[in-house]
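Fold and geometry: a report
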Amino acid sequence: MAQNSKQVPEGKVLRFTDGERFSHWVHAVSFLILLFTGLAVLSVTFRPAMAIVGGIDNARMIHRVAALFFAVAVGMKFFIGDTKHHWGWIRSVFTWTKADVMHVKAFAVEFFGGHGNYPPQAKFNGGEKINSLFTIFGSIFITISGLIMWFPQYFPIGLVRIAYPIHDLSMIFMTTALIGHLYLALIHPESRAALPGMLKGYVSRGFAKAHHAAWYEEIEKQEKAGK
């Protein structure tokens, strides 16, 4: 996407559009609600906390409403509104290069505060692509299994029985990924500079050049071509 110098704040580049950020936050908030209410349905240990929403019955209702937002509202992003960037994200996540693989190999260094040795990265680096794949497949499994659990009368009993452990494992899988994601977004000394991109849309040019150099070069070319 071309950068417009009249609209982009000085020293910044546009990383995520309004549509991309809206989808991200709908997904994030709905998942957190699902996690909170789902834990109470899963274990009696968490049920006293459901007094916040009026009890376990209300928690079950809220869980199902949040599930609709999680599955339907987020799924619609590929067909309504900012479809270009969402489909571009999908294509990017499933298109791997040698640079992506090298970023993943160096990710342990990056994760613990260092700066790994890897080639210039695109808009989504190898680590972000891994996180996106976790999110995509985790969402698919948790949604399908949840649907089977919600309407068990329409499915074979064997499939219903399998849906429960799949749903729980998907929740654990996605929660683990969420914890890592929050660490990188809020605590990590270098990657937390990416957070403004998901809050306001823009990141500093320094961050873009240091962490997504290949993408930043494309932006510079677009800016020069637009002059």
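Now for a description of the structure that goes with this document.

Rules behind the numbers
Every chain's residues receive numbers from 1 upward, in the order its sequence appears when written. Given that the model is predicted, a residue must reach a pLDDT of at least 70 before its local features are reported, and side-chain atom pairs must reach 80 or more before they are shown or counted; all residues, however, enter totals for whole chains, interfaces and linings. Excluding hydrogens and water, the side-chain figures rest on all heavy atoms present in the structure. A helix here means a DSSP run of H or I that spans at least four residues, while a strand means a run of E at least two residues long, and both kinds are numbered starting from the N terminus. Contact definition: two residues touch when any of their heavy atoms are within 4.5 Å. Here the Shrake-Rupley method, with its probe set to 1.4 Å, supplies the accessible areas, and only the displayed protein chains count as covering residues. Under the counting rule used here, the positive set is Lys and Arg, the negative set is Asp and Glu, and His together with the chain ends is not counted. Charged side chains are reduced to one point each, which is NZ for Lys, CZ for Arg, CG for Asp and CD for Glu. For a helix, the expected span equals 1.5 Å multiplied by the number of residues minus one. Burial classes: relative accessible area under 20% of the type maximum marks a residue as buried, over 50% as exposed, and values in between as partly exposed (1.4 Å probe, protein chains only). Whether two aromatic rings pair depends on their centres lying within 6.5 Å, for rings of Phe, Tyr and Trp, where Trp uses its six-membered ring; planes under 30 degrees apart make the pair stacked, over 60 edge-to-face, and the rest tilted. Any Lys NZ or Arg CZ that is within 6 Å of a ring centre and within 35 degrees of that ring's normal is treated as a charge sitting over the ring. A fitted line through C-alpha atoms serves as each axis, taken over the contacting stretch for helices, and the angle formed by two N-to-C directions is quoted from 0 to 180°. When an angle is under 35 degrees it counts as roughly parallel; over 145 it counts as roughly antiparallel; between 65 and 115 it counts as roughly perpendicular; any other value is oblique. Crossings are sorted by hand: turned counterclockwise from the far helix by less than a right angle, the near helix makes the crossing left-handed, and turned clockwise it makes it right-handed. Any residue outside Ala, Val, Leu, Ile, Met, Phe, Trp, Tyr, Cys, Pro, Asp, Glu, Lys and Arg is labelled polar, Gly included; the first ten of those are nonpolar and the last four are charged.

Scanning the chain from N- to C-terminus turns up ten helices and two strands. Order of helices (α) and strands (β) in the chain, N terminus to C terminus: β-α-α-α-α-α-α-α-α-β-α-α. Taking the principal axes of the C-alpha coordinates as reference, the chain spans close to 60 × 35 × 35 Å. Of the contacts formed within the chain by residues at least 6 apart in sequence, a portion of 66% connects residues at least 24 apart. Total accessible area on the chain stands at roughly 13,500 Å², and carbon and sulfur atoms take up 69% of it. Averaged over its 22 positive side-chain charges, the chain has a centre that lies 2 Å from the centre of its 14 negative ones.

The first and last C-alpha atoms of helix α6 (residues 126-150) sit 36 Å apart over 25 residues, in line with the 36 Å expected at 1.5 Å per residue. Here α6 has its buried residues at Gly-126, Gly-127, Lys-129, Ser-132, Leu-133, Ile-136, Gly-138, Ser-139, Ile-142, Ser-145, Gly-146 and Ile-148.

Tallied over the entire structure, the rule returns nine aromatic pairs. Geometrically, the ring pair formed by Phe-78 and Trp-87 is tilted, given 5.0 Å between the ring centres and 55° between the ring planes. Judged by its relative accessible area of 14%, Phe-78 is buried. Residues Phe-79 and Trp-87 carry aromatic rings whose centres are separated by 5.9 Å and whose planes lie at 80° to one another, so their mutual orientation is edge-to-face. Phe-79 gets classed as exposed once you look at its relative accessible area, which sits at 66%. With relative accessibility at 35%, the residue Trp-87 sits in the partly exposed group. By the ring-pair criterion, three or more aromatic residues cluster together here, those being Phe-78, Phe-79, Trp-87 and Trp-89. When the ring centre of Phe-124 is taken as reference, the NZ or CZ atom of Arg-15 above it lies at 5.8 Å. For Arg-15, the ring lying beneath its charged end belongs to Trp-215, and the centroid distance is 5.2 Å.

Turning our attention to the packing of helix α1 (residues 18-42) against helix α2 (residues 56-75). Across the interface, α1 lies against α2 with an axial gap of 8 Å and an inter-helix angle of 150°. Relative to α2, the element α1 is oriented roughly antiparallel. For the crossing formed where α1 meets α2, the hand is left-handed. Residues Ser-23, Val-26, His-27, Ser-30, Phe-31, Ile-33, Leu-34, Thr-37, Gly-38, Ala-40 and Val-41 of α1 form the contact with α2, whose own contacting residues are Ile-56, Ala-59, Arg-60, Ile-62, His-63, Ala-66, Ala-67, Phe-69, Phe-70, Ala-73 and Val-74. For the contact of α1 with α2, the class distribution of residues is 15 nonpolar, six polar and one charged.

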